[in-house]
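In case you want the letters, here they are:
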There are 2 protein chains.
Amino acid sequence: MKDDKKEVSRREVLIGAGTIAAGAAVMSTGITGLVSKAKASGDAAYPYKKLDVNEVGRIAHETYFTKFCAETVLTGLFKPLAASVGEPYASFPLNSVFWAHGGLMGWGTACGTLIGAGTAVGLITAGDSKKVTTSGGRAPVAVGEAIINDVIAFYASENLPQYKPAAGQAKYEIKNQSISDTPICHISVGKWMDKEDVKFFGIERKERCARLSADIAMYTAKLLNEWADGTYKPRNEPLANALDNQITSQGNCSECHGDNVPTAKGA
Amino acid sequence: MKDDKKEVSRREVLIGAGTIAAGAAVMSTGITGLVSKAKASGDAAYPYKKLDVNEVGRIAHETYFTKFCAETVLTGLFKPLAASVGEPYASFPLNSVFWAHGGLMGWGTACGTLIGAGTAVGLITAGDSKKVTTSGGRAPVAVGEAIINDVIAFYASENLPQYKPAAGQAKYEIKNQSISDTPICHISVGKWMDKEDVKFFGIERKERCARLSADIAMYTAKLLNEWADGTYKPRNEPLANALDNQITSQGNCSECHGDNVPTAKGA
């Protein structure tokens, strides 16, 4: 067959999806250039009201020093919603995502900010099953998935941290930004520690993670606001690396594999 | 000073915690041999009723083929609780964790089963702030964190998958188990694919992830049942690798770093 990847995308666009179910999803939405407007937020499981992005950042930065990355991002997003919407935000236990700090209880896997952001986006967009992808993208996904994918891509590709605390709010003056090229906590924080020449258990690293938490909370709020306006369009092709590499993966293969990047069966 | 690690553990036992706050937490609970009984589940944000571990496994396995890893584990745990307890489980949007499939939207980071398990444990134990650790452990943590840490350690150290579907329920007869030595999806599934000699986008790999989802859901239910009985004790020292390596991390350093494992400042 001429194009194996295209064939895979038609049969199994969603990672691990049953062949028939995924195929049906694709056929019902088409496979090319599909960017749908999100449904109004009234359909969401957790009703959404547009956020003040700067307020989200301020809350996230100040929350980090006691709550760490995951709960901090969720607090930055849900605390204003508890004030503007009320329930179910007001009684939601924000500490229910605390365990994701340090890449899941210090295991250094996915950055906890992404678990906080994912939890918020997942609950807010749970009622919106409309499928979206990039122009030409191979894998239409639920709009909430596309938003989270864009937040992850932002985390991996941007020079961070970018957030600047107001006068008197910084516990340390950050000198360096770094690009992680991955959503992995261990690699992301390690690269920044190397550049800034500081240790992990110190206020310098905490200030970095506090600002990065603000960055992720703010970018998530920005995309959720677009979703609420019906103007959100995915920036990054969902599942592109997994389809290209034929295994769940990132784009930084040589960072762990060196010159011996294996080829997965089917790739 | 004689023992830097011990000094760090007294000052900053919780990763990223503000020095004063973390120090206070340690002082109030003591730093040696602390294993506290969990509070009764009546204090939990999401009221818990002990689960039938085998039912959890059966639901998780059958759910995987349409919902993938994260939502599958959450469904295995919350569907029986929706039946036995009702709200807030009955109306909880299970698809709110769907995005964590494939290590967060296919990025291959933390296995999605751990996000599903973490979400459940986080919501159920949110009201229990009692601190626990292993005997001699350096970092007392909230009981929910200890449970999740044990689930992650189980994932990383056990030969998986272990779950055996009932007659007629398997979509493929699995030949091999593998030890991941990591909570990372990409490495975990890659090692198993190598051993089984199968590709990612196929029913063989899906059956493996379905059984592994059952394993993680069942082990989580087992620990939550112990917590409800007041008999739960942490199996693994929370944050041990992070404290030892002075950066959020796992124990498999050479797997990515080869012979050139860097030493973090402070280690």
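Because the structure is a prediction, the values reported are computed rather than measured.

### Let's talk about the nonpolar core
Soluble, globular proteins show a tendency: their nonpolar side chains are buried together.
Working step 1: Counting residues in each nonpolar core, the largest one holds 155 residues, and the members touching the most others are Val151 of chain A together with Val151 of chain B.
Working step 2: Top contributing element to this core by residue count: helix H3 (residues 53–84) of chain A, with 13 residues.
Working step 3: Setting aside its immediate chain neighbours within four residues, valine 151 of chain B contacts Leu114, Ala117, Ile216, Tyr219, Thr220 and Leu223 of chain B.

### With respect to unusual backbone geometry
Working step 1: Following leucine 160 of chain A, the chain continues into proline 161 of chain A via a peptide bond in cis, with omega recorded as 0°.
Working step 2: Within the secondary structure, proline 161 of chain A is located in the loop between helix H5 (143–157) and helix H6 (185–196).
Working step 3: Cis rather than trans, the peptide bond between glutamate 87 of chain B and proline 88 of chain B has omega equal to 5°.
Working step 4: Positionally, proline 88 of chain B belongs in the loop between helix H3 (53–84) and helix H4 (112–124).
Working step 5: One non-glycine residue, leucine 104 of chain B, lies in the positive phi region at around 80°.

### What to know about the interface of chain A and chain B
Working step 1: The interface of chain A with chain B comprises 63 residues on the first partner and 64 residues on the second.
Working step 2: Looking at the side of chain A that touches chain B, the elements that each hand over two or more residues are H3, helix H4 (112–124), H5, H6, helix H7 (203–229) and helix H8 (240–245) of chain A.
Working step 3: Partitioned by chemical class, the residues of the side of chain A that touches chain B number 35 nonpolar, 23 polar and five charged.

### Describing H3 of chain A
Residues and elements named next belong to chain A.
Working step 1: Between the first and last C-alpha of H3 there are merely 14 Å, a value that for 32 residues lags more than 12% behind the 46 Å anticipated at 1.5 Å per step.
Working step 2: The largest bend in H3 is about 135°, located at phenylalanine 68.
Working step 3: Backbone geometry just downstream of H3 places glycine 86 in the positive-phi region, at approximately 90°.

### Let's talk about the relation of the copies chain A and chain B
Working step 1: Between chain A and chain B, the superposition needs a rotation of 180° and an axial shift of 0.0 Å, giving an RMSD of 0.0 Å. Such a combination of rotation and displacement between the chain copies is what one expects of a two-fold axis. In terms of proximity to the rotation axis, the leading residue of chain A is cysteine 256 of chain A, whose C-alpha is 2.3 Å off the axis.
Working step 2: Residue by residue, 100% of the interface of chain A is reproduced at the interface of chain B, so both copies engage with the same surface.

Each value, and the rule that gives it
Residues numbered from 1 in each chain as written. Chains lettered and ligands numbered in written order. Predicted model: local features only at pLDDT ≥ 70, side-chain atom pairs only at ≥ 80, totals over all residues. Core = buried A, V, L, I, M, F, W, Y, C linked by C-beta atoms within 7 Å. Buried ≥ 20, exposed ≤ 12 C-beta atoms within 10 Å, placed from the backbone. Helix = DSSP H or I, 4+ residues; strand = E, 2+ residues; numbered from the N terminus. Contact = placed C-beta atoms within 7 Å. Nonpolar A, V, L, I, M, F, W, Y, C, P; charged D, E, K, R; others polar. Expected span 1.5 Å × (residues − 1). Bend = angle between axes of the 7 residues up to and from the residue. Least-squares fit on C-alpha atoms with pLDDT ≥ 70 in both.

None of the figures reported here should be taken as evidence of function without further support.
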